[in-house]
Amino acid sequence: VSTQSTGKMEEMGEFEGMVGYQHELTEPLHDAQLALHGLHDRAYVLVDGKFVQVVKREEERSFPVTGQSTITILVENMGYMAWLSQGLGDYSNEYKGMGNVTVNGKILEKWKHYKMETKRLLDLEDEIPRGDEVLDSQSSQNITGERHWYNKKPLLSKGPTVFSGELELMSSELLDTFVDTRCWSKGFLVVNGNVIGRYWPEAGPQYTLYVPGVFWREGVNKVTMVELQSKCNKLALTLTDKHIIDGPVNGNVI
């Protein structure tokens, strides 16, 4: 979908998941000040395909960008807050998406929109980078020194990324379990095609996600992390029989 302005998710008939906004630059940018106005709820900003910034809800500040061709902004819907008090279906104040995007104070126009509903997370391996692609890219970035950071962690070089692995289980091991996500940053966990839920250990207080035993299979199981910010250094998951839901809350990252 192509429109003049960025627009809100509800205007696109979208009420969950994420929406991608892409703008084709008409001239190169060099240390230009990019700002997102009226953001609901969280944005992941890429310039020329490189992940450069995470922007929190209503964070009205600019940041420098340099690019030649495109600005891509993935906006995450993190849930509606108290919108029912305004009347069923009234999203005027609790909308999702963005207002204007400016460069050096000038509003950018002409945007393409891409819908990414939660149910389509299972298809994201064809839409966003795979973990092996990102690891190769980050190796080259280590050499050139081109790295962008958020919350003291290096951002994924190509933006939100799919990491997948396989786990082989015997019939006696198909039990209820918890997945410890503390090594990761923020995203979604998928087990054998089932979206288990969101994880955000950096914010706390919940560190584990519950996986019912019926979601596991005898033989090979596929576990997928749709990571939005930074990869786990060990590229591993820990399975445990205990939940961890009482960790500290870090309000600085929310």
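### Overview of the overall build of the chain
Next, step 1: Across its full length, the chain holds one helix and 19 strands.
Next, step 2: In the chain, buried positions account for 48% of the 254 residues.
Next, step 3: Sequence-distant contacts in the chain: of pairs separated by 6 or more residues, those separated by 24 or more amount to 76%.

### Topic: the sheet that holds strand 16 (residues 194-199)
Next, step 1: The four strands lie next to each other as 13-18-15-16, forming an open sheet whose pairing is antiparallel. Looking at which strands have only one partner, the edges of the open sheet turn out to be strand 13 (161-169) and strand 16. Geometrically, the sheet is characterised by an average inter-axis angle of 20° between neighbouring strands, direction not taken into account.
Next, step 2: Bridge analysis of strand 15 (residues 187-191) against strand 18 (residues 219-227) gives five bridges, and the strand direction is antiparallel. In the sheet register, Leu189 faces strand 18, and the bridge partner there is Met225.

### Re the state of the cysteines
Next, step 1: Per the counting criterion, the structure on display carries one disulfide.
Next, step 2: The disulfide bridge from Cys183 ends at Cys232, spanning 1.8 Å between sulfur atoms. In this structure, the disulfide formed by Cys183 and Cys232 twists by about 90° around the S-S bond and is classed as right-handed. Pair noted here: Cys183 is in the loop between strand 14 (177-180) and strand 15 and Cys232 is in the loop between strand 18 and strand 19 (238-240), with a separation of 49 residues, a long-range link.

### Digging into the confidence of the model for the chain
Next, step 1: For the chain, mean pLDDT is 85; residues scoring 70 or higher make up 84% of the total.
Next, step 2: Taking the mean pLDDT of every element in the chain, the minimum, 48, falls on helix 1 (residues 131-144) and the maximum, 98, on strand 17 (residues 208-211).
Next, step 3: Confidence drops under pLDDT 50 across residues 134-144; counting only partners more than four residues distant or on other chains, this segment forms 18 contacts.

### Here we look at unusual backbone geometry
Backbone geometry follows two general trends: most residues other than glycine have a negative phi, and most peptide bonds adopt the trans configuration.
Next, step 1: Between His40 and Asp41 the backbone carries a cis peptide bond, its omega angle lying at 15°.
Next, step 2: Along the polypeptide, Asp41 turns up in the loop between strand 3 (29-36) and strand 4 (42-47).
Next, step 3: Omega for the bond connecting Gly204 with Pro205 falls within 30 degrees of zero, at -5°, which places this linkage in the cis form.
Next, step 4: Within the secondary structure, Pro205 is located in the loop between strand 16 and strand 17.
Next, step 5: Positioned with a positive phi, Asn104 is a non-glycine residue whose angle comes to about 55°.
Next, step 6: With respect to the helices and strands, the residue Asn104 is situated in the loop between strand 8 (101-103) and strand 9 (106-107).
Next, step 7: For Asn104, a relative accessible area of 57% puts it in the exposed group.

### Re the packing of aromatic side chains
Next, step 1: With the rule as written, the count across this model stands at three aromatic pairs.
Next, step 2: With a centroid separation of 6.3 Å and 65° between ring planes, the pair formed by Tyr44 and Phe51 is classed as edge-to-face. As far as burial versus exposure is concerned, Tyr44 and Phe51 are alike and both buried.
Next, step 3: Centre to centre, the rings of Phe163 and Trp184 are 5.4 Å apart; their planes meet at 65°, and the pair counts as edge-to-face. Residue Phe163 is found in strand 13, and its partner Trp184 is found in the loop between strand 14 and strand 15; the two are separated by 21 residues along the sequence. Exposure class is identical for Phe163 and Trp184. Each is buried.
Next, step 4: Residue placement shows Lys8 over the ring face of Tyr95; its charged tip is 4.8 Å from the ring centre.
Next, step 5: When the ring centre of Trp200 is taken as reference, the NZ or CZ atom of Lys186 above it lies at 4.6 Å.

### Details of the pattern of salt bridges
Next, step 1: Per the counting criterion, the structure on display carries eight salt bridges.
Next, step 2: For the salt bridge of Lys96 with Asp41, the shortest nitrogen-to-oxygen distance reads 2.7 Å. Residue Lys96 is located in the loop between strand 7 (70-76) and strand 8, and its partner Asp41 is located in the loop between strand 3 and strand 4; the two are separated by 55 residues in the primary sequence.
Next, step 3: Assessed through its relative accessible area of 0%, Lys96 is described here as buried.
Next, step 4: Among the salt bridges present, the one from Lys242 reaches Asp241, with a minimum N-O distance of 3.5 Å.
Next, step 5: Assessed through its relative accessible area of 56%, Lys242 is described here as exposed.
Next, step 6: Overlapping salt bridges bring together Asp41, Arg57 and Lys96 as one network.

Definitions and limits used
- Residues numbered from 1 in each chain as written.
- Predicted model: local features only at pLDDT ≥ 70, side-chain atom pairs only at ≥ 80, totals over all residues.
- Heavy atoms only, no water.
- Helix = DSSP H or I, 4+ residues; strand = E, 2+ residues; numbered from the N terminus.
- Buried < 20%, exposed > 50% of the residue type's maximum accessible area, 1.4 Å probe, protein only.
- Contact = heavy atoms within 4.5 Å.
- Pairing = 2+ DSSP bridges.
- Axes fitted to C-alpha atoms, helices over the stretch in contact; angles between N-to-C directions.
- Disulfide = S-S within 2.5 Å.
- pLDDT = per-residue confidence, 0-100.
- Phe/Tyr/Trp six-rings, centres within 6.5 Å; stacked < 30°, edge-to-face > 60°.
- Lys NZ or Arg CZ within 6 Å of the ring centre and 35° of its normal.
- Salt bridge = Lys/Arg side-chain N within 4 Å of Asp/Glu carboxyl O.

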